Structure formats: structure tokens, C-alpha cells
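# Close look at the chain arrangement
The chain contents come next:
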Amino acid sequence: MSKDNNNTGRKYWLSLEQFKDSREYRKTLLKRYHENNEEMPSQMSRRNFLTLMGASMAMASLAGCRRPVEKIIPYVVQPEEVVPGVPTYYATSMPFGNSAFGLIVETHEGRPTKIEGNPDHDSTMGTSNSLIQASILGLYDPDRAKIVRHDQTDDNYDNFVTFWRGQIDKYKSNKGKGLAFLSEQFSSPTLSYHKKEIKKAYPDARWVSWEPVSDENIFRAIENLTGKQLRPDFKTGSADVILSLDSDFLHSESENIKAARGFADGRRMKSGKDKMNRLYVVENAFSITGGMADHRLRKRSGEIGEFTLALAEQLKRQGLGLPDLPENNNPDKDDKWLEALAKDLISAKGKSLVVAGRRQPVWVHELVFVINEALGNFGRTIVFHKIDDSVLSSTNDMRELARAMHDGKVGTLVILGGNPVYDAPVDIEFEKALGRVENTVHFSGYLDETSRLVGWHIPKAHYLESWGDVRSDDGTTGVIQPMIEPLFGGKADAEFYALLSTGRDKRGYEIVRETWKKMLSGGDFEKKWRRILHDGLHKNSTSPEVNAKINKNRIRKDTYNAESKPASIDNLEVNFYPSQVYDGRFANNGWLQELPDPVSKISWDNAALINPRTAKELGLSNADMIDLEFDGRKLNLPIWIVPGQANYTVGLYMGYGRERAGNVGNKVGFDTYRIRTSGSDYFGSGAKAIGTGVKYKIANTQDHNSMEGRPLIREATLEEYRVNPEFAEEMVEHPPLKSIYADHDYSKGYQWGMVIDLNTCIGCNACTIACQSENNIPIVGKEQVANGREMHWIRNDRYYSGDVDEPEMVHMPVACQHCENAPCESVCPVAATSHDKEGLNVMTYNRCIGTRYCSNNCPYKVRRFNFFNYTKDKNEVEKMSQNPDVTVRSRGVMEKCTFCIQRINRAKQKAKTEGRQVADNEFQTACQQACPTQAIQFGNINNPESEVSKQKRIDRNYELLGELNVRPRNSYLAKIRNPNPELIDYKTMES
């Protein structure tokens, strides 16, 4: 635990073991960092390695770079022909439930290698998140479905077309009675059109849409209050005061990229004179949003509804015009917190925002929208758009479908995506119901848990090899165009939906064009079509804002006073959360499996998260296995103790424990869907945890690095910053810094540097995955991560500060600092690491002999050693994902961040041919480009007008371990919090 470095009483620690300075923690540090530490033994067998890498030698024949059949219009200037070594960029979109992310994809000779956000698209604004970045690895997954299967034997698509045409003839006569479709959520003009055509042809057929993670409760609340189907668009950038009620809107909620950008814009500060928004968070367990809070209150998820009602009562007492509310039978104990919060919200009328997470029930969302309307936020910080071309998830419809299947009322079921056998609510017994259906079809990208139980399985194409279209949350339409011909012959969504509706087997390109000819009526269609392909979206197609008005007669009051048994060690509350692999659909993605959870820092696993008090009463310690009993069902899994979580609650992450995910994802973690019911889809009470006496090995990265009492994180309150703007530099006292080496002259030419703003960094890990994608960084597996050998070039350190029960949290991305007086360079016996004239610390891989002296001498611990050759056994399909501009490293070399030198050189070459200097922001590093909050700035620090130079002149700027006189090119802007003066040092009244 670090010492108090700024006289505020703030102490920093990474884990509970470090906080307690336990013997086990000291032993771990000694084992990992002692100078006489021997190399740890490895249990890595060839078989385990091949399993990890998902080897599939049967697909080696798919070598080579394929070109799309149809002509695609590039986002930038289309070259006359493909020039080897020169990338081409195309605009497309990534469908994701009811969201659509506009993208730019870098391709090399028809082979996509890197994804970025489309700067012209409102959903990404040129940035991305970890799921978007990692999705390109899914394209080259050798475990994807490769062939049509019928009754678990290989078949062909023509035979399925014949089968389906027979079904069309069969169900036309009875208007589709007994025919059912189960789809994922989507928002697409083409898919919506064909869904309507199916319903027109078969009016008695069922169409159900369902996903385990959805915004169903939000949409239902809006429809209940307004009588309209509307989609909310939260304008976080327009809000001065934000209250988050169990909403991780910066990371795991829908449209998180847009929300994170708006929130960060309200926290960018050039000086203490600037304004700054204020964030209140009420939640059960720490989320990324909770870590950014100026005030955080921990509440069990089941108490948040009562808190929201108490807030409404407090707002009404302070004069806000709210309708009559029922008496609250469970008044909240945090009266002072509520009073100060209500006062702050009212003072920011029209510039405030209250958001509830998708996990909360419908009545809580209704109350939240009522509060927002009374605060004058409608049309300002919340706008509404009509829902067009969208199919929304419905748990009730899913339950009814399963009941009909059980009763034998469904003769043919077509499952369009998803994996309901794995992730459907356990109480509806979907697997058993599926066995009662005569004809079953599954359209899916993998032979997963559902595929093994159906009659027909049809391989689904990846979105990067498909034609299609999307409609984003604000109504903007865009296209999905392929970067490559389908590697495994899968069918695009548009092609399969068109077959279902018409019986015709047509190309996706033709199908999508037919839809857009209807949408772009009038004028020169070809010209408009080419422009849309070029831009990736139809500009100015945003839906008009709808004037939503709440009908107070629709406000339900009967569900507000739900009473429940008090939580206790015998009545635990269970909470379900989406994970790093979301709902399980990305379970076979090694990048996401290895990426440490941004809060718990667990890699390659999930666990039952509980707080220290609950663990103490249960008599449990970290990694103890438990039997978790809930609603008559039992789940065996390990626990992990985390601070800042509400008492008597258990946090469970979904998406793990897969049996048929693929070679990477099989049997990784524990299947929490086994105890998730339709009545307790996100949380429920009545659980018990019983220790089994067995330990489980968890790979956790949180103790791999330590502050060791040094002021690495520097933060202050807004008031402290205004009183002392130089606090960040004054936190460290040291004599004048003089080097024993001759100084270098870095006053000429390009000099590259970076600034990371801790005030806007949310710790989402998008930078880590973007770096892994750009720089061919391998995955190493759970065993090696547990040994401290993860290969990520940029790590995201997570620190707690303060009390164990009520800590604050802060993230700090750390990569190679490119020191001008680099300690690694002076100890390398073969000069494999050296400095160039532009201030970069560079590596010569083929000179490195693997002494690891440089890593030992690096104070930042950011150099990675390739203990094993993780790439030599990759098959040809997997190799296609690698960036040809970056060396693929072999075993026995040291590697680390290069500031994406390949991007620097590409920009310099272009500028040189045009006879000019590289312009500011002409290119971006991978981490900078992916960052959804634009917390990272990179550029030429010799250019006083560059953005990075301007940020280095901000008074919050400081160098990490600058007192060592290593002169890092990276620097940080200290974090500022904006607490309410009335709530400083407030302690929760939680029982």
C-alpha cells in the first residue's frame, strides 16, 4: 500500500492482500521479483498449446488472400489496383443487437487486419471498444462452422433450400400455424423487410426475438409511459450533473462509446478555471462507471428501486413538480446523501441526467423517466427517436414460445443466431422443449450447444464477409459490406432471411440493393449508392427527434412498495452481469479471454465476487470453491473477494463455462446460466453459499505490479486543484536531476511523445486490445498469465484508495515510456535496445539474445519476454489476421510498445513524397485511435501547436517516476474529482 503522498490521507492499494500487507502477498512479490528468482516451470504441453491456439490443420488449404467478388468502394481514394504493402481502407458497420457501430477496416491485398471507428458515424466517432477491436479475430477463427449439417452429418446448402421450399408449401395452406422463428435482436432495413414479408405470408406464425442481455426493460418502460415505441438517446456531454442507478453506461450498457465520449468531454480541463461535470453512482459492485464517480453509494441491486423512490420523494420535498407517489414502506437510510443529491439535480435542471441500468426492473425505469421529465431533461440531455427496423428482445415472448414447444404446438422452429440451449433462462427448459419440435433449423456461426440438438445447421458468415445493412440508435442507416469472400462458405443474414421469406437463393449484394432502391427513390440511385458505400452510412438519415410526453395516468404505483426479506448471510442477493466475453458469444476469442477484467483483474475465468465482510462471515478466502444454492439449483464455482461491493451480495459474470464454444473457449470458467431464471434474470435474493474446502487456481493480474509507496497516481479534488494548480509536480521532492551520460539533442526534427489524461481515462481496455490487434501480440494462456507472463504491451493498472469498504478506484494505462535516459539501454550486452534520433526506444529483435537485463532494469516493468513461440504452429487461416507491417516475434526476444512505429513511418513516407512535414493528428497510434474518451494524445512534441505539446503544458502534467531522471516521453495529466462539498467524507449507512 502506498504512503500518503499528497497530505490528503489518500492511500493506494491494488488488492486486499496488499492492503493488509499479508505474508502471502510478500511471498508472491519475493517469488516474482527477487533477483535470484529462478525461471518458473511450465506445464505447457504441445496438446495444451494447440488447444489454446485453436489449431485446425484441416483448414490449411484456405491459405492465400481472397478478394471480394463484388466491387467495393474504399473509404479513401480508390487505387487503380491493389499495391502490395499499401493498405486499403473500407467503410462498413458492425451489427450488435439493436446497436450498429460504424467502422473503417484496414485491409492488405483483400485481407482485413485492423478495425477502427468511422469518424463520420455517431455511434463510434472514430473510436471503438474492446468487443469491436476483438471481433476481427473472430473472422479468422478456425473453429467457425464450415459446412451445412443435417441430423449431425455433413450435407449441403442446396438440399436445405429444397427442404425449406417444402416447408413454404406446407405452411402456406394453414397461414403458418405451427411455424416459429426465434431471432436475435437486430436493427436492419433489409432484415426488417423480410421479417415483415414472412409475417405477411404466414400471419399465424410466431416471431420471437430474445437475447440474454438486452434493454427490454428500458423500452417497455418508455412504451408504458408514452404509449409509443421510442429509443432513448442519452446526451451525457450536455449534462452537468449525472446520476447513475446501477448503470455502467461508460462500458457495458448500450451505446457505451457515445456515452463515454460525452462524459469525458465534460471532464476535459485545461486549467482550474474550467467547469467539470459531477457523477453520482449508486450500484452493487464496482463498475468502470463507479470508478469514475465523484460520489459512489453501494446498494444491493434490489434496494436501488427503493432508493429511486426515496430520491423522488426528496425531490418533491425540495419543490420539484412530481406526481403523487405512494408511501415508501422502506425509507432509505442515506438521508444526507439523498438531500445533497436532490439539491444538486434541481440546481442543474435541464442540464442533469438520471440513468438506470438495463438490470433494473421496468418500474424503476418508469420512475427514472418521470424524474427526468420533471427535471426538464427531455429534449436536452435525453432525446427520443422512433424505433424503425428494429426487433426487440422479449423475455415474456421467449417464455411463451418455450411453453408452446413443450405443448407440441410448434412443428418447425428456425433459430436465427443466438445459442438458447446455453443461455436461455433455466426455468423454461429450452433444451427439453427443443426435443418436442419435429423440424429444427439453426443459423449460426458455430457448431455450439444449440447446434448439436437441431435437425439442420446452416453456417453463418461473419459480418466482415457479409453484405447487409443497419440502422443505428439515432436512426442513421448504414451498410455492411464484405472485406473478404466468406472463408468457410457461410451465408450472410440478408441471404438467409431472404431465403426464408421468398424461397429464393440470392446473393446478399442484390438483396441489399433491392432494399436501398426503395429507400433511395428519386434521383441517380447508382451515384447515391456508391456514395453510401464510400462513406459507410447514409448521411443526414438521422430520425427526427420525437416529442415524448409522459401520460401521468400511465404511471404505475402498485409495484413500488415491494417488500423483501432483509439480506443476510443466509439470504444472499445474486447478481448477473455481462462479462469480457459479453453473453458468451465471444467465448472462443482468445484476446477477450486473456484480457483481465478491468475491475477484478481476473483473466481466463469468472468467479463469484463477494466483499470482505461477507467472506469473513462465510469463513472463506480467495479462490475457495463454494456451492452456490439459488432458487432450488446449485452452482459450483470459486469466490473472489473484492472491495466496494454491497454486503451479502454475490456477483456472477455470464458467458463462461461453455461446452461447445471452440478449442479456446471450451470449459473456461463456470456456467452461471445454470441458475439464472426468467424471474431473476439480472438479480434475485434467497441464495446461500457453502464452502467445499477445495481451492481453485485463478489467474489474476492485480498484484503483478505495485506502487511500492511511490506517487504513481496523482489526483486531487477540483477545489484542491484550484487552490494549488501545481500539486501534481509538487507531490515529489527531489534534488536537481543530472545525468551521468552526455545529453542528447532532441531539439530538431520529429520528436514523438504521448500524454494520457487520467481524468478522462475510464479503464475500458480498448487500448490494450487495439494494441494487440495492431502489433501481432500473442495470447499465452491461463497458466502463463498466472505466472506473470502476459504479453500485453499496454497494461491497465487498477488502484483503490481509502477505506476497504468504501474505496475509490482509478485506472492508469502503462506502456513503454520511451525514456530519453532509458535504463534498459545501458544494460543490454548486445545493444538490442537503443534510442533513435526521434526519441524512440527501439528494439532490434534479431539481435536480442534474451538476457532480460533490460526488463530487470526497467522501473516501469513494461517489457515482455517471449518465453515460448506462440506463433509457429498457427495454421494458415489464423496467420491471415496478422499485420504484415509488424514483425511476428519468435521465442526468446524482449518486446514492448513501439509507439506504433509502422504508422509513424507510413505517415513520414507519405509526407516526404508530398514535400511536407507530417501534420498533427495525421496518424494515430492504435491505442490512441481506439480510445473512446480520447484520453490519449500522441504526436510531435517539437511542434508547439500539436495537441500533445499543448497537453504537456497543462499544469496537471507529470512524468511517471520522473524523479529517476529517466526522462520519459510519456506523461500523464493528474486526475481530478469533483465532489459535492456537502458529501465529503460521507459514509454509507448500509447494514
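Residues numbered from 1 in each chain as written. Predicted model: local features only at pLDDT ≥ 70, side-chain atom pairs only at ≥ 80, totals over all residues. Heavy atoms only, no water.

## Quick word on the overall build of the protein
From N to C terminus, the protein includes 30 helices and 42 strands. Residue burial in the protein is summarised as follows: out of 991 residues, 64% are buried. Sequence separation of 24 or more characterises 75% of the internal contacts of the protein that already satisfy a separation of 6 or more. (Helix = DSSP H or I, 4+ residues; strand = E, 2+ residues; numbered from the N terminus. Buried < 20%, exposed > 50% of the residue type's maximum accessible area, 1.4 Å probe, protein only. Contact = heavy atoms within 4.5 Å.)

## A closer look at the packing of aromatic side chains
What the rule picks out here adds up to 36 aromatic pairs. Each ring, one from F249 and one from F263, has its centre 6.2 Å from the other, and the planes form 80°; the classification is edge-to-face. With F249 in the loop between strand 11 (241–245) and helix 8 (256–265) and F263 in helix 8, this pair connects stretches of sequence that are 14 residues apart. Given the relative accessible area of 1%, F263 is considered buried. Between the aromatic rings of F923 and F938, the centroid separation amounts to 6.0 Å while the plane-to-plane angle is 70°, which identifies the pairing as edge-to-face. On the criterion of sequence distance, the pair formed by F923 in the loop between helix 28 (901–913) and helix 29 (926–930) and F938 in strand 39 (residues 936–940) is long-range, its members being 15 residues apart. Both residues of the pair, F923 and F938, count as buried. (Phe/Tyr/Trp six-rings, centres within 6.5 Å; stacked < 30°, edge-to-face > 60°.)

## Comments concerning the pattern of salt bridges
Overall, the coordinates contain 56 salt bridges when judged by the stated rule. Residue R149 is joined to D154 by a salt bridge in which the shortest nitrogen-to-oxygen separation is 2.8 Å. As a salt-bridge pair, R296 and E283 come within 2.7 Å of each other at their nearest N and O atoms. Here E283 lies in strand 12 (residues 278–283) and R296 lies in strand 13 (residues 295–298), a separation of 13 residues in the sequence. E283 carries the same exposure label as R296, and that label is buried. (Salt bridge = Lys/Arg side-chain N within 4 Å of Asp/Glu carboxyl O.)

## Thoughts on unusual backbone geometry
With a phi angle near 65°, R852 is a residue other than glycine that sits in the positive phi range. By the secondary structure assignment, R852 is in the loop between strand 36 (841–843) and helix 26 (853–857). Residues other than glycine seldom take positive phi values, yet R967 does so here, at roughly 55°. Tracing the backbone shows R967 in the loop between strand 40 (957–958) and strand 41 (970–973). Judged by relative accessible area, R967 falls into the partly exposed class, the value being 27%.

## Comments concerning the nonpolar core
Ranked by internal contacts, the top residues of the largest apolar core, which has 132 residues, are L628, L652 and M812. By residue number, the principal contributor to this core is helix 4 (residues 130–139), which donates 5 residues. Discounting chain neighbours no more than four positions away, the residues touching L652 are V574, N575, F576, Y577, A607, A608, L628, L637, T672 and I675. A342, L367, I382 and A930 belong to the second largest nonpolar core, which has 65 residues in total. (Core = buried A, V, L, I, M, F, W, Y, C linked by side-chain atoms within 4.5 Å.)

## Let's talk about the pairing of strand 14 (residues 352–356)
Burial analysis of strand 14 places 5 of its 5 residues in the buried class, which makes it a mostly covered element. Pairing of strand 11 with strand 14 involves 5 bridges; the strand directions are parallel. Across the sheet, residue L245 finds its bridge partner in strand 14, namely A356. (Pairing = 2+ DSSP bridges.)

## Observations regarding the environment of G227
Summarising the element assignment, G227 is placed in the loop between helix 7 (216–226) and strand 10 (230–234). Exposure remark for G227: the relative accessible area of 41% places this residue in the partly exposed category.

## Re the sheet that holds strand 4 (residues 111–117)
Read across the sheet, 3 strands follow the order 2-3-4 without closing on themselves; strand pairing throughout is antiparallel. Of all strands in the sheet, those with a lone pairing partner are strand 2 (88–96) and strand 4, marking the two edges. Ignoring which end each strand starts from, the neighbouring axes of this sheet average 35° apart. Alignment of strand 2 against strand 3 (residues 99–108), held across 9 bridges, turns out to be antiparallel. Paired with M94 across the two strands is F101, which belongs to strand 3. Across the sheet, helix 4 touches strand 2, strand 3 and strand 4, and the angle it forms with strand 4 is around 170°. (Axes fitted to C-alpha atoms, helices over the stretch in contact; angles between N-to-C directions.)

## Some details on the sheet that holds strand 7 (residues 179–183)
A sheet is described by the order of its strands in space; here 7 strands give the open sequence 6-5-19-18-17-7-9, paired in mixed fashion. The outermost strands of the open sheet, each flanked by one partner alone, are strand 6 (153–154) and strand 9 (206–209). As defined by bridge partners, strand 7 adjoins strand 9 across 4 bridges and the pair is classed as parallel. Directly across from S183, in strand 9, lies its bridge partner S209.

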